[in-house]
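# A structural walkthrough
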Amino acid sequence: MRRLDRAFAAFFRRAKAGRKAGYPRFKGRGRFDTVQWPAVKNGATWDSQPHDPVTRLYLLGIGHVRVHQHRGVFGKVKTISVKREGARWFVVLSCDDVPAEPLPATGVAAGIDMGVASLATTSDGEHIDNQRHLAASADRLAAAQRDLARKQRGSTRRRKAVARVAALHARVRRQRLDSAHKAALVLVRAYDVIAHEDLRITGMTRSASGTAEMPGRNLAQKAGLNRSILDAGWAVFLTILANKAESAGRELIAVDPRNTSRTCSRCGHCAKDNRLTQAAFQCVACGHAAHADVNAARNILRAGLALRKAARAA
């Protein structure tokens, strides 16, 4: 009865908002993977039994649950979420008033250019490798998905095949997160000011299929590029970099990426012919030659420092 009450309540909310109301959908046990409690008013309590040698979490309606705490908790816990990933359960804490951990100043600034061959290239000429985790697991994923396609819907074997595919995708996601954390930590420790491209990744990875009247071109190449960009995890990396920079007291500057790859970092001449290949850059005006990503990173650094100077002057 409660499930029907919730379904009809959602039905009337949609009707009141002016949207077309559909038939109430049955919400099965596998539809939601996350439940959130407020850490106030006895909704949930972190470390609910401090006298116990193990850490326990109290959840309203469930009780005290033992958790494996792998890191310290700082600040004031505001919300507690329990998330399911396959057969694993995780606790996610949202905290306020978390103390910052500023790093000692280095006096060095850098620009970074995002790429596919290398995840990021700094203006100093350093390259951060792109691990290509999805490509490394592509064969196993393809085999698991073929096995899943042959299973009958609703069967026990299909549920196991679904869990196998989900576990492979979760492993790739964890590998990508680990690489992003390590790469961001290297940059935050080395530089006081970091300028990066203000990328619109959603637009960059949009399909080029077009319409029936105006079909797109080079669909296979565009699909491969989209897959490589998403496998690199630019958005994840930039989000983690921003969080670490804020905690470490570093300054992060987003720069308009237009023409940064075809402008000479020495004389400022901008031309399409400057970019000879994906990796080679040679200015047609002054003859300056450099790695294309390093040249772009230097342009990004110059633009970032100019924005910083203008912001301070204002």
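What comes next is a walk through the structure. What you see is a predicted model; the values in this text were computed from it and never measured. (Residues numbered from 1 in each chain as written. Predicted model: local features only at pLDDT ≥ 70, side-chain atom pairs only at ≥ 80, totals over all residues. Heavy atoms only, no water.)

### Notes on the nonpolar core
Taken as a class, soluble globular proteins show a tendency for nonpolar side chains to be buried jointly. In terms of nonpolar packing, the biggest core is built from 25 residues, with Ile112, Met114, Leu119, Leu187, Trp234, Phe237 and Leu241 touching the most fellow members. Taken together, the elements giving at least two residues each to this core come down to β7 (109–114), β8 (118–122), α4 (156–190), α6 (219–232) and α7 (234–248). Tallying contributions element by element places α7 first for this core, with 7 residues. Residue contacts for Trp234: discarding those within four places in its chain leaves Met114, Gly115, Val116, Leu119, Leu199, Ile201, Met204 and Ile229. In terms of nonpolar packing, the next biggest core, distinct from the first, is built from 9 residues, Trp37, Leu59, Val77 and Ile80 among them. (Core = buried A, V, L, I, M, F, W, Y, C linked by side-chain atoms within 4.5 Å. Buried < 20%, exposed > 50% of the residue type's maximum accessible area, 1.4 Å probe, protein only. Helix = DSSP H or I, 4+ residues; strand = E, 2+ residues; numbered from the N terminus. Contact = heavy atoms within 4.5 Å.)

### A few points about the pairing of strand β4 (residues 63–66)
Walk down a regular strand and you will see the side chains alternate between the two sheet faces. Here strand β3 (residues 56–59) pairs with β4 via 4 bridges, running antiparallel. Looking across to β4, one finds that Leu59 is bridged to Gly63. The antiparallel pairing of β3 with β4 creates a hairpin that spans 3 residues between the two strands, and Gly61 there sits at a positive phi of about 85°. (Pairing = 2+ DSSP bridges.)

### Comments concerning the environment of Glu197
Tracing the sequence through the fold places Glu197 in strand β10 (residues 193–197). Each C-alpha atom, one on Glu197 and one on Ala120, is 11 Å from the other, the two residues being 77 residues apart in sequence. What Glu197 contacts, discounting residues up to four positions off in sequence, is Ile112, Asp113, Met114, Leu238, Val255, Pro257, Thr260 and Ile300. Here Met114 takes part through its backbone nitrogen, which lies 2.9 Å from a polar atom of the side chain of Glu197. (Polar contact = N/O pair within 3.5 Å; in protein donor to acceptor, adjacent residues only side chain to side chain.)

### A few points about the sheet that holds β3
One open sheet accounts for 3 strands, arranged β2-β3-β4; its pairing is antiparallel. Each end of this open sheet is capped by a strand with a single partner; those strands are β2 (44–46) and β4. Going from strand to strand, the sheet's axes swing by 20° on average, the running direction of each strand aside. (Axes fitted to C-alpha atoms, helices over the stretch in contact; angles between N-to-C directions.)

### What to know about the pattern of salt bridges
A full pass over the atoms with the stated rule returns 14 salt bridges. Note that Arg164 and Asp147 form a salt bridge whose closest N and O atoms lie 3.1 Å from each other. One end of the pair, Arg164, is in helix α4; the other, Asp147, is in helix α3 (residues 138–149), and 17 residues separate them in sequence. One salt bridge in this structure joins Arg250 and Asp192, with 2.8 Å as the shortest N-O distance. Residue Arg250 is found in the loop between α7 and β11 (251–255), and its partner Asp192 is found in the loop between α4 and β10; the two are separated by 58 residues along the sequence. You can call Arg250 buried: its relative accessible area is 9%. Taking the relative accessible area as the measure of exposure, Asp192 reaches 17% and is therefore buried. Members of the salt-bridge network, linked through shared partners, are Asp147, Arg150, Lys151 and Arg164. (Salt bridge = Lys/Arg side-chain N within 4 Å of Asp/Glu carboxyl O.)

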